[in-house]
Amino acid sequence: MLRIMKFAKKRWHIMLVIIVLLIGQAMCELTLPTYTSNIVNVGLTYKGIEYAVPEQIREASYLGLIAMMPEDIRKLMADTYQKDGDIYRVDYKDVDKQTMDTLSDAFLDAELAMMKFQAQQMLAAGKEIENENMAMLAKMSDKDLEEFKDSYGNAIAISFVRQEYEALGVDMDAHQMNYLKRYGVRMIGLSFGCMIFAILVTLVAAKLAAVTSKELRESIFKKVVSFSNEEMNKFSTASLITRCTNDVQQIQMFMIVMFRMVLYAPIMGLGGIFRVSQTDLSMSWIIVLAVVLLLGLVGILMVAVMPKFKIMQSLVDRVNLVAREILTGIPVIRAFSREKYEEGRFDEANTNLMQTQLFTSRMMAFMMPAMMFIMNGVSILIIWVGAHGIDAGDIMVGDMMAFITYTMQIIMSFLMLTMISIMLPRASVAAERIDEVLTSETLITDCEAPEEMGTQGEITFEHVNFAYPGAEEDVLHDIDFTAHAGKTTAFIGSTGSGKSTLVQLIPRLFDVTGGCIKIDGTDIRKLRLNDLRKQIGFVPQKGVLFSGTIDSNLRFGAEDATDAEIEKAARIAQALEFIETKPDKYDTEIAQGGNNVSGGQKQRLAIARALAKNAKIYVFDDSFSALDFKTDAALRKALNKEVSDATVLIVAQRISTILHADQIIVLDEGRIVGKGTHKELLAGNQVYQEIARSQLSQKELEGEVE
């Protein structure tokens, strides 16, 4: 959970606001049971009489009571009550709680003493005592009197106050109704307060979760964009998509629940325990029992479910991977009639995910009924124990009701905490996967003290070796050559000879593992990545277009290019011909991945996009393979004419593409086995001759030799 909280640490002030709102809501909810208890105990049982100290009392009763009180209490009574004719009055607002408690005890002792004295006098006179309490008091010892006072003293004191009020002509029904209305209005106010706090917490928590998720997606995307090919291969595209969408959504959902419920649980639990400690502690063991049972249940579920949640996220990755492969390869699947096989492959991945989800869902489905059983059982236990307490006079009905409510609040707080057992495992796995991306080390970065890039664009490979991460052997060995500015350097060789790998080292898609690559005498690792790649027009083997228009794709690397520059790039790339045939020309929509243009058109647009950068270096990684011979020749002719001052590197499979290159480098198994012009290599390089024989006729070979 700490890892999840780390994602939102920048919004600590919002979290503080949420905590304050939750405390406000908890205070409102924890006060309601007290008011309920007062309504039952005072409003209904005692007719609205709150204290054993009457607000007004007859002079005869007053004098009779103070006669039974010690001297210090008499003085306190004199200071508290004011004589008004033959009535003594007190304003509760002017009396502090300590004084009220002292007077309540004094009134009770005096009332019991008076009742006992009157009862004993009646017995001595041979009169029958009709009042049951007076009859018991007459025969009680001092010890029995103390026990009686603890159990029934408050009821007797309230009964005395009610008799005084009735004797003074107070309308007790109206007095009771005023008390009920007063506390009813307070409870309505508290309920509205709870509602307002709950709404505000929900809104603020939802905003916090949404903003955090947005920033998290941005962070993941920025990190992924900075990845080299090595990191991309490590995580896989499908997994990175899942982490940026599904995993972030798990974090967002968990944050809403956490700030709305999980964080609220300990506030309510501690508040409920504090309130219970101020009431009756004789039933506290019931709360302890309930908490132990709940914690045991949650612990069992966590142990059983947590491993499955970890597996679930990897299974989601698998489903995404299979779905992505199938959807992108539909033409091939249909061409080979492999629909049933691919459906089975997807069904297997989907079924595995479903089975894991069913297991976790069943466990969670078992949890809620079990917790409700515990909660209802605790309610019955409280009523059972409380009923015996009420019968013995130890507690009142309202107190038991308040205790039940507080206990339910405490248990509900633990039930809310169990929500974390449902969402935390999956959210924790998601956070771990996100953190794995955010904390992963990007191997290709700017150096601490970058140097300025030269202006010529001359590229030098100095004894370069390269091995893919985790590979046992190098794929490039001792590559050493110079590609001069204004010249064309071509690379040819059999499949797997390392041609594409070699040119991918120039824009630092990978870093060399031995030797170095220099541009204008500066090691490219000492250049800023942005500066380096800004001066390279790179066209990969697979032409990739983005959804938008032809114009937006051509401006992908040169947003500030003029219309004339865009048109020039399209003309050099031989794309102007088909662009002009489109009704919307440069505003023609390009579908995602360029699926609405042919392979040759896609490749020409990719070449035009690179040329529009007006770079110092152009790298064409087998970019002419989809072009016909006529278009290929026209494109190369235009390149020689229009970008004559740039360094051009061409990876090709066809000799016809590189016939007129200034320098041809022949690769075989990652090593340079030939270097020179077409004629030089054809005359003296065996590997190049073998390639030429496979592509050129005997007459063409003889003509070239001559």
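Details of the structure are given in the entry above.
The rules we used
Residues numbered from 1 in each chain as written. Predicted model: local features only at pLDDT ≥ 70, side-chain atom pairs only at ≥ 80, totals over all residues. Heavy atoms only, no water. Helix = DSSP H or I, 4+ residues; strand = E, 2+ residues; numbered from the N terminus. Rg over C-alpha atoms; globule rule 2.2 N^0.38 Å. Buried < 20%, exposed > 50% of the residue type's maximum accessible area, 1.4 Å probe, protein only. Contact = heavy atoms within 4.5 Å. Areas by Shrake-Rupley, 256 points an atom, 1.4 Å probe, with all protein chains shown as cover. Lys, Arg positive; Asp, Glu negative; His and termini not counted. Charge placed at Lys NZ, Arg CZ, Asp CG, Glu CD. Salt bridge = Lys/Arg side-chain N within 4 Å of Asp/Glu carboxyl O. Pairing = 2+ DSSP bridges. Axes fitted to C-alpha atoms, helices over the stretch in contact; angles between N-to-C directions. Parallel < 35°, antiparallel > 145°, perpendicular 65-115°, else oblique. Core = buried A, V, L, I, M, F, W, Y, C linked by side-chain atoms within 4.5 Å. Phe/Tyr/Trp six-rings, centres within 6.5 Å; stacked < 30°, edge-to-face > 60°. Lys NZ or Arg CZ within 6 Å of the ring centre and 35° of its normal. Left-handed = near helix turned anticlockwise from the far one by under 90°. Nonpolar A, V, L, I, M, F, W, Y, C, P; charged D, E, K, R; others polar. Patch = residues over 30% accessible without salt bridge, like charges linked within 9 Å, V, L, I, M, F, W, Y side chains within 5 Å. Arc of directions from axis to C-beta.

Trainee: Can you walk me through the overall build of the chain in this structure?
Mentor: What the chain contains, in helices and strands, is 26 helices and 15 strands. For the chain, whose C-alpha radius of gyration is 44 Å, the value lies well above the compact-globule estimate of 27 Å for 706 residues. A principal-axis box enclosing the C-alpha atoms of the chain has dimensions of 155 × 50 × 50 Å. Here the chain holds 706 residues, and 47% of them are scored as buried. Looking at the chain alone, contacts between residues at least 24 apart form 77% of all its contacts between residues at least 6 apart. Taken as a whole, the chain presents about 36300 Å² of accessible surface, with 56% of it coming from carbon and sulfur. For the chain, the separation between the mean place of its 72 positive charges and that of its 89 negative charges on side chains is 6 Å.

Trainee: Could you clarify how one ought to interpret the pattern of salt bridges in this entry?
Mentor: Side chains carrying opposite charge are able to pair once their charged atoms draw close together. Within this structure, the stated rule accounts for 18 salt bridges. Between Arg58 and Glu164 there is a salt bridge, and its shortest N-O distance comes to 2.8 Å. Placement of Arg58 in strand E1 (residues 56–58) and of Glu164 in helix H7 (residues 142–167) is noted, with a sequence separation of 106 residues between them. Several salt bridges converge on common partners, so that one network encompasses Glu325, Glu342 and Arg345.

Trainee: Teacher, can you tell me more about the sheet that holds strand E7 (residues 514–519) here?
Mentor: Sheet strands pair by backbone hydrogen bonding; their relative direction is either parallel or antiparallel. Ordered in space as E5-E4-E7-E8, the 4 strands form an open sheet in which the pairing is antiparallel. Strands with a single pairing partner mark the edges of an open sheet, and in this sheet they are strand E5 (476–483) and strand E8 (522–523). As paired elements, E7 and E8 share 2 bridges and run antiparallel to each other. Paired with Lys518 across the strands is Asp523, a residue of E8.

Trainee: For this particular structure, what's the right way to read the packing of helix H19 (residues 563–572) against helix H22 (residues 629–642)?
Mentor: Axes are the key here: two packed helices are described by the angle between their axes and the distance separating the axes. Contact pair H19 / H22: the axes reach a minimum separation of 9 Å and the direction vectors enclose 135°. Considering their axes alone, H19 and H22 lie oblique with respect to each other. Only Leu635, Ala638, Leu639 and Glu642 of H22 make contact with H19, whose side of the interface consists of Lys568, Arg571 and Ile572.

Trainee: Can you help me understand the side chain of Arg604 in this one?
Mentor: You can see Arg604 is positioned in helix H21 (residues 599–611). With no salt bridge to any partner, buried Arg604 finds its closest opposite charge in Glu577, at an N-O distance of 4.9 Å. Once residues lying within four places of it in the same chain are set aside, the contact partners of Arg604 are Ala573, Gln574, Ala575, Phe578, Leu627 and Thr631.

Trainee: Would you mind showing me how to read the nonpolar core here?
Mentor: Most often, soluble globular proteins keep nonpolar side chains buried together rather than apart. By size, the foremost hydrophobic cluster in this structure holds 79 residues, and its most contacted members are Ile18, Ile251, Phe259, Val378, Ile382 and Ile411. At the level of elements, helix H2 (12–45), helix H8 (172–225), helix H10 (237–262), helix H11 (264–277), helix H12 (284–328), helix H14 (339–391) and helix H15 (397–438) are the ones that each hand at least two residues to this core. Core analysis: the second largest hydrophobic core is formed by 51 residues, Ala561, Ile572, Ala606 and Ala608 among them.

Trainee: What is the right way to read the packing of aromatic side chains from this model?
Mentor: Taken as a whole, this structure holds 13 aromatic pairs when the rule is applied. Judged by centre distance (5.4 Å) and plane angle (70°), the ring pair of Phe481 and Phe491 falls under edge-to-face. Of this pair, Phe481 sits in strand E5 while Phe491 sits in strand E6 (residues 488–493), and the two are 10 residues apart along the sequence. This pair shows no difference in class: Phe481 is buried, exactly as Phe491 is. Centre to centre, the rings of Phe546 and Phe556 are 4.5 Å apart; their planes meet at 10°, and the pair counts as stacked. Taken together, the residues Phe546 in the loop between strand E9 (536–539) and strand E10 (548–549) and Phe556 in the loop between helix H18 (550–554) and H19 connect sequence positions 10 residues apart. The ring of Tyr183 has Arg186 sitting right over it, with the charged end atom 4.8 Å from the ring centre. Taking NZ or CZ as reference, Arg338 lies 4.2 Å from the ring centre of Tyr341, over its face.

Trainee: Got a minute to help me understand the side chain of Glu342 in this structure?
Mentor: Tracing the sequence through the fold places Glu342 in helix H14. Setting aside residues no more than four positions away along its own chain, Glu342 makes contact with Ile326 and Ile333.

Trainee: Please explain the packing of H2 against H8 as it appears in this structure.
Mentor: At a closest axis distance of 8 Å, the pairing of H2 and H8 adopts a crossing angle of 160°. By the angle class used here, H2 and H8 are roughly antiparallel. Of the two possible hands of crossing, H2 and H8 adopt the one that is left-handed. Classifying every residue of the contact of H2 with H8 by side-chain character gives 24 nonpolar, 10 polar and 2 charged.

Trainee: Teacher, can you tell me more about a nonpolar patch on the surface here?
Mentor: On the surface, Ile188, Phe192, Met195, Ile196, Ile199, Leu200 and Leu203 cluster together to form a nonpolar patch covering roughly 670 Å² of accessible area. By secondary structure assignment, the location of Ile196 is in helix H8. Since its relative accessible area comes to 48%, Ile196 is described here as partly exposed.

Trainee: Got a minute to help me understand helix H4 (residues 71–80) in this structure?
Mentor: Residues separated by three or four positions in an α-helix point in the same direction, a consequence of the helix having 3.6 residues per turn. Burial in H4 covers these residues: Ile73, Met77 and Thr80. Here the buried residues of H4 occupy an arc of 70° about the axis, which is enough to place them on one side. The outward face of H4, more than 90 degrees from its buried face, is lined by the exposed residues Glu71, Asp72, Lys75 and Asp79. The secondary structure elements touched by the buried residues of H4 are helix H3 (59–66), strand E2 (82–84), strand E3 (87–89) and helix H5 (97–124).

Trainee: Help me understand the sheet that holds strand E13 (residues 647–651), please; the structure alone is not making it clear to me.
Mentor: The 6 strands lie next to each other as E9-E12-E13-E6-E14-E15, forming an open sheet whose pairing is mixed. The sheet is open, and its two edges are formed by E9 and strand E15 (671–676), each paired on a single side. Going across the sheet, the axis of each strand differs from the next one's by a mean of 15°, ignoring polarity. Where E9 lies against strand E12 (residues 617–621), 4 bridges are found, and the strand directions are parallel.

Trainee: Just checking my understanding: could you explain the environment of Ala573 for this structure?
Mentor: Of note, Ala573 is situated in the loop between H19 and helix H20 (576–581). Ala573 sits in the buried class, given a relative accessible area of 0%. Sequence separation between Ala573 and Leu635 is 62 residues, and the spatial gap between their C-alpha atoms is 5.7 Å.

Bear in mind that shape data such as this cannot, by itself, settle questions of function.
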